[in-house]
Amino acid sequence: MTSEGPERPAGSAPSERPARDGAVEGSDGAEGAGEIARGAAERLAFFSDAVVAIAITLLAIELPVPEGNSDTELLHSLAAESLSYVTFLISFVVIASHWSAHHRVFRWVARADRGLVLLNLAWLLLVVLTPWLTEVLREGDELTWARFGIYATAQALLLSLLALMIARMSAKGLFLAGTPASLRRRGWAGAAINGIAFLVSIPLFPLLGLWTFAVWIVVPAALTTLAHRVGLVPRREREQR
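Parameters and conventions
- Residue indices follow the written sequence of each chain, beginning from 1 at its first position.
- pLDDT decides what is reported in this predicted model: residues at 70 or higher carry local features, side-chain atom pairs at 80 or more are listed and counted, and totals for whole chains, interfaces and linings draw on all residues regardless.
- Water and hydrogen atoms play no part in the side-chain values, which are based on all heavy atoms of the structure.
- Only buried residues count toward a nonpolar core, which is a set of Ala, Val, Leu, Ile, Met, Phe, Trp, Tyr and Cys residues joined through side-chain atoms within 4.5 Å.
- Only protein chains enter the accessibility calculation, which uses a 1.4 Å probe; a residue is then buried when its area is under 20% of its type maximum, exposed when over 50%, and partly exposed in between.
- In DSSP terms, a helix is any run of H or I states spanning at least four residues, a strand is any run of E spanning at least two, and both are numbered starting from the N terminus.
- Take the residue count of a helix, subtract one, and multiply by 1.5 Å to get its expected span.
- It only takes one pair of heavy atoms within 4.5 Å for two residues to be counted as in contact.
- Patch building starts from residues that exceed 30% relative accessible area and form no salt bridge, then joins like charges within 9 Å and nonpolar side chains (Val, Leu, Ile, Met, Phe, Trp, Tyr) within 5 Å.
- Each accessible area is a Shrake-Rupley result for a 1.4 Å probe, and residues are judged covered by the shown protein chains and nothing else.
- For salt bridges, the criterion is a side-chain nitrogen of Lys or Arg within 4 Å of an Asp or Glu carboxyl oxygen.

Novice: Just give me the short version of the nonpolar core, but keep the residues and values in it.
Specialist: Counting residues in hydrophobic clusters, the biggest one holds 32 residues, and the most contacted among them are Phe 106, Trp 123, Met 165 and Met 169. Contributions of two or more residues to this core are made by helix H1 (26-58), helix H3 (82-106), helix H4 (114-138), helix H5 (145-172) and helix H6 (181-208). With 16 residues, the next largest nonpolar core counts Leu 137, Leu 143, Ala 154 and Ile 202 among its residues.

Here it is, written out as structure tokens:
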């Protein structure tokens, strides 16, 4: 007689035998699927960040180099190309603002469905086109209404796509648990307000000229303040910043 326990039937597996690779049961399966979905959403965000980084870098490639053999000639050349430098700074701020809004939203995404991926790709298409649109904006001796209108329309479309992405995330439950309520409920409204500012600026260009660029700052600030007062847009929560 030995101290070992009763003999197991032939072919039986020990109770402590680990599950086969890939076999996940119960809550572990749901948790694993959630991690996979979250990882896929993060890859989409990382890809978007990389594309935006390339686009914002391309802005500087076509910047004209000032010419001149003396300081006076150099300064004259800088003044002659002032529109190119101003439009570069404007597009840099515009792309940076688009990225900041995108980042603020996508860090709360739990999963990305096909519709969200397609909307994001369309958003990236317009981001990539922005350096080219900047060239359209600065081409010629002076800025024209048509050139300004094309650029402003593209930026309005970018913000409309972001608003659609936020609305889809809310409707399809794609946000993480703990996402700020201000983002889940009416997060799309902020993007829509900024898009309206770009559209409003187009018919104002013949009246304001280069001062029309200020409309992109003044109108969103005014509309956002009004939206806060009427309760359409809740004030952004600290953790969302």
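Novice: Give a detailed account of helix H7 (residues 215-230), specifying residues and quantitative values.
Specialist: When the terminal C-alpha atoms of H7 are compared, their 22 Å separation across 16 residues agrees well with the 22 Å that a helix rising 1.5 Å per residue should span. For H7, the secondary structure elements touched by its buried residues are H3, H5 and H6.

Novice: Summarise a nonpolar patch on the surface; cite the residues concerned and give the values.
Specialist: On the surface, Phe 47, Leu 118 and Leu 121 cluster together to form a nonpolar patch covering roughly 280 Å² of accessible area. Summarising the element assignment, Leu 118 is placed in helix H4. The class of Leu 118 is partly exposed, set by a relative accessible area of 46%.

Novice: I'd like a description of the pattern of salt bridges, backed by residues and values.
Specialist: Pairs can form between side chains of opposite charge whenever their charged atoms are close. As enumerated under the stated definition, the model contains three salt bridges in all. The partner of Glu 42 in a salt bridge is Arg 38, with the nearest N and O atoms 3.4 Å apart. Here Arg 38 and Glu 42 lie together in helix H1, a separation of four residues that amounts to about one turn. Using a relative accessible area of 22% as the deciding quantity, one classes Arg 38 as partly exposed. Salt-bridge contacts for Arg 138 lead to Glu 135; the nearest nitrogen and oxygen are separated by 2.3 Å. Here Arg 138 and its partner Glu 135 are both found in helix H4, three residues apart, which amounts to about one turn of the helix. On the basis of relative accessibility, which here comes to 8%, the residue Arg 138 falls in the buried class.

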